[in-house]
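Here is what each chain is made of, one letter per residue.
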Amino acid sequence: MTKGNGRLAIVAGGAGFLGSHLCDLLLADGWRVVCIDSFRTGRRDNLRHLEREPRFDMLEWDIIVPPAAKDARRLRPAAIFNLACAASPPHYQSDPEHTMLTSVMGTRNLLRMAENAGARFLLASTSEVYGDPDVHPQVETYCGNVNPTGPRACYDEGKRSAETLTFDFLRTGRADSRVARIFNTYGPRMRPDDGRVVSNVVTQALAGRPVTVYGDGTQTRSFCFVSDLVEGLATLMNHPDPTLGPVNLGNPAEMTVRELVDRVVALTGAEARIVAAPLPVDDPRRRRPDIGKARRMLGWEPRVGLDAGLRATIDWFAAEPDRLVVPEPHRRRPHANGNGTDATKHA
Ligand code: UDP
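Below: a short report on this structure. Each chain carries its own residue numbering, running from 1 in the written order of its sequence. The model is predicted, so local features are restricted to residues of pLDDT at least 70 and side-chain atom pairs to those at 80 or more, both for listing and for counting; the totals for chains, interfaces and linings are taken over all residues. Think of the side-chain values as coming from all heavy atoms in the structure, minus any hydrogens and water.

**Concerning the nonpolar core**
Logical step 1: Ranked by size, the top nonpolar core spans 59 residues in total, and within it Phe81, Leu233 and Leu249 carry the most contacts.
Logical step 2: Residue contacts follow a heavy-atom distance rule, with two residues in contact if any of their heavy atoms lie within 4.5 Å. Ignoring sequence-local partners within four residues, the contact set of leucine 233 consists of Leu22, Phe81, Leu83, Leu122, Ala180, Ile182 and Leu249.
Logical step 3: Residues enter a nonpolar core if they are buried and are Ala, Val, Leu, Ile, Met, Phe, Trp, Tyr or Cys, with the set joined through side-chain atoms within 4.5 Å. Burial classes: relative accessible area under 20% of the type maximum marks a residue as buried, over 50% as exposed, and values in between as partly exposed (1.4 Å probe, protein chains only). Ala84, Met113, Ala175 and Val179 belong to the second largest nonpolar core, which has 24 residues in total.

**Notes on the pattern of salt bridges**
Logical step 1: Between Lys or Arg on one side and Asp or Glu on the other, a salt bridge is scored when a side-chain nitrogen of the former is within 4 Å of a carboxyl oxygen of the latter. Per the counting criterion, the structure on display carries 26 salt bridges.
Logical step 2: Residue lysine 70 is joined to aspartate 71 by a salt bridge in which the shortest nitrogen-to-oxygen separation is 3.7 Å.
Logical step 3: We classify lysine 70 as exposed; its relative accessible area is 55%.
Logical step 4: One salt bridge connects arginine 178 with aspartate 176, and the closest N-O pair in it is separated by 2.6 Å.
Logical step 5: On the basis of relative accessibility, which here comes to 2%, the residue arginine 178 falls in the buried class.

**Considering the state of the cysteines**
Should the sulfur atoms of two cysteines be covalently bonded, the bond is a disulfide.
Logical step 1: The disulfide definition used here is simple: a pair of cysteine sulfur atoms within 2.5 Å. Using the criterion set out here, one finds 0 disulfides in the structure.
Logical step 2: Free of any disulfide, cysteine 85 has its nearest neighbouring cysteine sulfur in cysteine 154, separated by 8.0 Å.
Logical step 3: Judged by relative accessible area, which is 16%, cysteine 85 ranks as buried.
Logical step 4: In this structure cysteine 224 is not part of a disulfide, and its nearest cysteine sulfur, from cysteine 23, lies 18 Å away.
Logical step 5: Look at cysteine 224 and you get buried, because its relative accessible area is 0%.

**As for the environment of proline 133**
Logical step 1: Under the DSSP-based scheme used, a helix requires at least four consecutive residues in state H or I and a strand at least two consecutive residues in state E, with every element numbered from the N terminus. Locating proline 133 in the fold gives a position in the loop between strand S5 (120–126) and helix H5 (153–171).
Logical step 2: Separated by 155 residues in sequence, proline 133 and arginine 288 have C-alpha atoms that sit 9.7 Å apart.

**Structural notes on the packing of helix H6 (residues 197–207) against helix H8 (residues 257–268)**
Logical step 1: Axis lines are fitted through C-alpha atoms, for helices just across the contact stretch, and the angle between N-to-C directions can take any value from 0 to 180 degrees. Axis separation between H6 and H8 bottoms out at 10 Å; the angle between their running directions is 35 degrees. Note on packing geometry: the crossing formed by H6 with H8 is right-handed. For the pair H6 and H8, the contacting residues are Val197, Val198, Val201, Val202, Ala205 and Leu206 in the first and Val257, Leu260, Val261, Val264, Val265 and Thr268 in the second.
Logical step 2: Its residues assigned to classes, the contact of H6 with H8 comprises 11 nonpolar, 1 polar and no charged. Two helices that cross are described as forming a left-handed crossing if the nearer one is turned anticlockwise from the farther one by less than a right angle, and a right-handed crossing if clockwise. Three classes are used, and their members are as follows: Ala, Val, Leu, Ile, Met, Phe, Trp, Tyr, Cys and Pro are nonpolar, Asp, Glu, Lys and Arg are charged, and the others, Gly among them, are polar.

**Examining the packing of aromatic side chains**
Logical step 1: Stacked, tilted and edge-to-face are the three classes assigned to paired rings of Phe, Tyr and Trp, where Trp is represented by its six-membered ring and a pair needs centres within 6.5 Å; plane angles under 30 degrees give stacked, over 60 edge-to-face, the rest tilted. Inspection of every chain in the model, using the stated rule, returns 5 aromatic pairs.
Logical step 2: Where tyrosine 92 meets tyrosine 155, the ring centres are 4.4 Å apart and the plane angle is 5 degrees; that geometry is what we call stacked. Pair noted here: tyrosine 92 is in helix H3 (residues 89–94) and tyrosine 155 is in helix H5, with a separation of 63 residues, a long-range link.
Logical step 3: What makes tyrosine 155 buried here is its relative accessible area of 7%.
Logical step 4: Linked through ring pairs, Tyr130, Tyr142 and Phe183 together constitute an aromatic cluster.
Logical step 5: The side chain of arginine 174 reaches across the aromatic face of phenylalanine 169, ending 4.0 Å from its centre. Geometrically, a charge over a ring is one whose NZ (Lys) or CZ (Arg) sits within 6 Å of the ring centre while staying within 35 degrees of the ring normal.

**Brief notes about the site of the ligand**
Logical step 1: Any residue with a heavy atom positioned within 4 Å of a molecule or strand is treated as near that molecule or strand. Of all residues adjacent to the ligand, which total 18 residues, the nearest are Asn200, Tyr214, Arg221, Asp283 and Arg287.
Logical step 2: Polar contact criterion, stated in full: a pair of N or O atoms within 3.5 Å, where within protein one must be able to donate a hydrogen and the other to accept it, and residues adjacent in sequence count only if both atoms are side-chain atoms. Side-chain polar atom of arginine 221 to an oxygen atom of the ligand: 2.6 Å apart, as the coordinates give it.
Logical step 3: At 2.6 Å, a side-chain N or O of aspartate 283 approaches an oxygen atom of the ligand.
Logical step 4: Accessibility throughout is a Shrake-Rupley quantity obtained with a 1.4 Å probe, and a residue counts as covered only by protein chains that appear here. In the complex, 98% of the free accessible area of the ligand, which totals 510 Å², lies under the protein chains.
Logical step 5: Listed by contribution, the elements that provide at least two residues to the shell around the ligand are H6 and strand S8 (211–214).
Logical step 6: For the shell around the ligand, the element with the highest residue contribution is S8, accounting for 3 residues.
Logical step 7: Taken together, the residues of the shell around the ligand sort by class into 6 nonpolar, 5 polar and 7 charged.

In short, geometric facts, not functional conclusions.
The structure is reproduced here in structure tokens:
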């Protein structure tokens, strides 16, 4: 499956940040692509450039519900990528029930579609399955430290259940499935109201607003540029052996949030005021992928350095004034020193 050769790939969540870049990559690799999206967090703008692409189609469908019979009959994909889920903490926490069901019911609906079509299936899982990890860096054999009752649980436990379903379909021979555990990723087409650190800080600095550091900024993350990440997804799907188990995809270059913020501000050239904001509940203290398995088994590793990736991201946000417009914070995000009802400002 190195090249698409005109075969059909479905990208669920294809109008989102990662999904839209994956659609581009697959089309460049010779696939036909159908993007499935509920457009709850995905955006048509991310796919506007594909409107006249004859090998591309879009289907509005929330994967929580089973596919319409006509779609189930019509779509005979060779590959299904499941990237459909709100992924930034403020978005996935704004409707936790929907988030959980997207991972559980949505993954089941797509796995059944893969089973019926004999398609390969790839689940976009997450580093969040490791929770607030006590093993560092996080290796795939580590089972994680997730708080099952906290505000992040709808996403973390949802994805853990989605992994369970995916491996059950594999074990029982129902679908040739793979699982990628995606670590923090950034780049063009992030939503300005995504609420994540890179999009927040870039939009804040460019718009001359105060830049928010949650907590004391000593928590760490490892940031991967989007082109590297989607290449990893395609490589994992193309791998002939489905018994790899979960594979971490991310950039192992770890830094504190404060270091990242300082770097973004320096690259924008802005004179930004940095302000402290409350640390969200269950915010992981440290996160860094062990990508030894991806290196060994897939021959994959990230290639884009932080400065190059941040420059591309900053240029994209700066290219159109609309991209800096963040609606008033309208979502509540519980934070560590509150009772779970205070709003954390995201921009
Ligand atoms: N963060 C921050 N300022 C912001 C947004 C996030 O300091 O404006 C912090 C957040 O508390 C976390 C890290 O940056 O420690 C990464 O957060 P993000 O929401 O991007 O992703 P997460 O890794 O938490 O899913």
